[in-house]
Amino acid sequence: MERNEIGHQFLAKLGKKRLRPGGKKATDWLVQSANFSEQTLVLEVACNMCTTSIELAERFNCQIKGIDLDPGALKKAQKNIEAAQLSHLIEVKQANAMKLPFEDNQFDIVINEAMLTMLSHSAKEKAIKEYYRVLKPGGQLLTHDVSYLDSNLTSIIEELKTTINVNVAPLQVDDWRAIFKKVGFSKVESIHGEMSLMSPKGMIKDEGLFNTLKIVKNGLKAENRKQFKNMNHFFNKTGKDLKYIAVRSTK
Ligand SMILES: C[S@@+](CC[C@H](N)C(=O)[O-])C[C@H]1O[C@@H](n2cnc3c(N)ncnc32)[C@H](O)[C@@H]1O
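Here is what the cut-offs are and how they apply
Residues numbered from 1 in each chain as written. Predicted model: local features only at pLDDT ≥ 70, side-chain atom pairs only at ≥ 80, totals over all residues. Buried ≥ 20, exposed ≤ 12 C-beta atoms within 10 Å, placed from the backbone. Helix = DSSP H or I, 4+ residues; strand = E, 2+ residues; numbered from the N terminus. Arc of directions from axis to C-beta. Contact = placed C-beta atoms within 7 Å. Pairing = 2+ DSSP bridges. Right-handed = clockwise from strand over helix to strand, strands pointing away. Expected span 1.5 Å × (residues − 1). Axes fitted to C-alpha atoms, helices over the stretch in contact; angles between N-to-C directions. Parallel < 35°, antiparallel > 145°, perpendicular 65-115°, else oblique. Left-handed = near helix turned anticlockwise from the far one by under 90°. Nonpolar A, V, L, I, M, F, W, Y, C, P; charged D, E, K, R; others polar. Core = buried A, V, L, I, M, F, W, Y, C linked by C-beta atoms within 7 Å.

(A) A look at helix H6 (residues 154-164). Restricting attention to buried positions, one finds in H6 the residues Leu160, Thr163 and Ile164. Considered in projection along H6, the buried side chains sweep an arc of 75 degrees and stay on one side of the axis. In H6, the exposed positions that point more than 90 degrees away from the buried face belong to Thr154, Ser155, Glu158 and Thr162. For H6, the secondary structure elements touched by its buried residues are helix H1 (7-14) and helix H10 (222-238). Trailing H6 by a residue or two, Asn165 shows a phi angle of about 60 degrees, which is positive.

(B) Inspection of the pairing of strand E4 (residues 107-113) at higher detail. When you tally the buried positions in E4, you get seven out of seven residues, the bulk of the element. One ladder, built from six bridges, connects E4 with strand E5 (residues 135-148); its direction is parallel. The residue bridging Ile111 from the neighbouring strand is Leu142, located in E5. At this point the chain moves from E4, through helix H5 (residues 121-134), to the parallel E5, and the crossover so formed is right-handed.

(C) Quick look at H10. Look at H10: 24 Å from first C-alpha to last across 17 residues, which is about the 24 Å you get at 1.5 Å a residue. All of the buried residues in H10 are Gln227, Phe228, Met231, Phe234 and Phe235. For H10, the elements touching its buried residues are H1, H6 and helix H9 (209-219).

(D) Up close: the packing of H6 against H10. Viewed as axis vectors pointing N to C, H6 and H10 meet at an angle of 155 degrees, and their least axial separation amounts to 10 Å. When the axes of H6 and H10 are compared, the pair comes out roughly antiparallel. Seen from above, H6 lies across H10 with left-handed handedness. Between H6, through Ile156, Glu159, Leu160 and Thr163, and H10, the contact on the second element is made entirely by Asn230, Met231, Phe234 and Thr238. Among the residues making up the contact of H6 with H10, the classes are represented as four nonpolar, three polar and one charged.

(E) Broad picture of unusual backbone geometry. Of note in the backbone geometry, Cys50 takes a positive phi value of approximately 75 degrees without being a glycine. Residue placement: Cys50 occurs in the loop between strand E1 (41-45) and helix H3 (51-60). Despite not being glycine, Asn61 shows a phi value in the positive range, around 65 degrees. Structurally, Asn61 can be placed in the loop between H3 and strand E2 (63-68). For Asn61, a count of 15 C-beta atoms within 10 Å corresponds to the partly exposed category.

(F) Just the nonpolar core, in detail. One finds Cys50, Ala77, Ile90 and Val110 to be the most contacted residues of the largest nonpolar core, which totals 66 residues. Among the elements that take part in this core, E5 stands out by supplying five residues, more than any other. Residues contacting Ile90, with those up to four places away along its chain left out, are Cys50, Ser53, Ile54, Ala57, Ile64, Gly66 and Ile81.

See below:
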């Protein structure tokens, strides 16, 4: 039986570098709303190939630790870090967001994009408690996930799971905000909007025109075409009511 690949692994294989619902727009909002500087110690949870970590290190010259569960993504991350000549600033290792291999009160900023959505409610809380534990008092948590406004989207969320072949549990805007407050975070602020993951405009903004054309060309190869078309259809038509949410919270 033909089996879909995990959505983000499939898109990464096609050449996509940002594997997150709100793309560059949401990431830029998170970054501009936080206090990055050369002195900032950052933890990127679910760093995957380190697209965000590399941009942060290039822009702010800050020290970054990245963790991810996926050894294949971390191998790619290591290659990207070396190609960007940033090994003195970024260090990656395999770890689980729910059991971070770091001391309490260590980081100024924790950034975590497009991962919490994939966890059950109790696992989300467990991971967010870990982020709270490793952040310094006054430290900032930056997250980016899938959300929705209309409570009547159960069948669309079911379709999202089969389209990207991952168990997902997006929350409504107020429920995302509530979970951070429940763990103890304050000053919880958020923005939400249209998902740009696979929209033509979003792809060009996130990946540039040349890379978008390359991704589409790869997606239309015989071995990828069915899944690429399914994902395209879902993100641009059936699943259009799903939103991205970016949240900044303070310990
Ligand atoms: C959709 S991708 C997002 C990657 C990247 N943050 C981005 O925005 O482009 C989700 C990532 O979360 C990682 N992941 C999933 N569960 C995790 C966990 N419990 N701990 C650490 N990483 C996890 C996956 O391996 C994958 O790299």
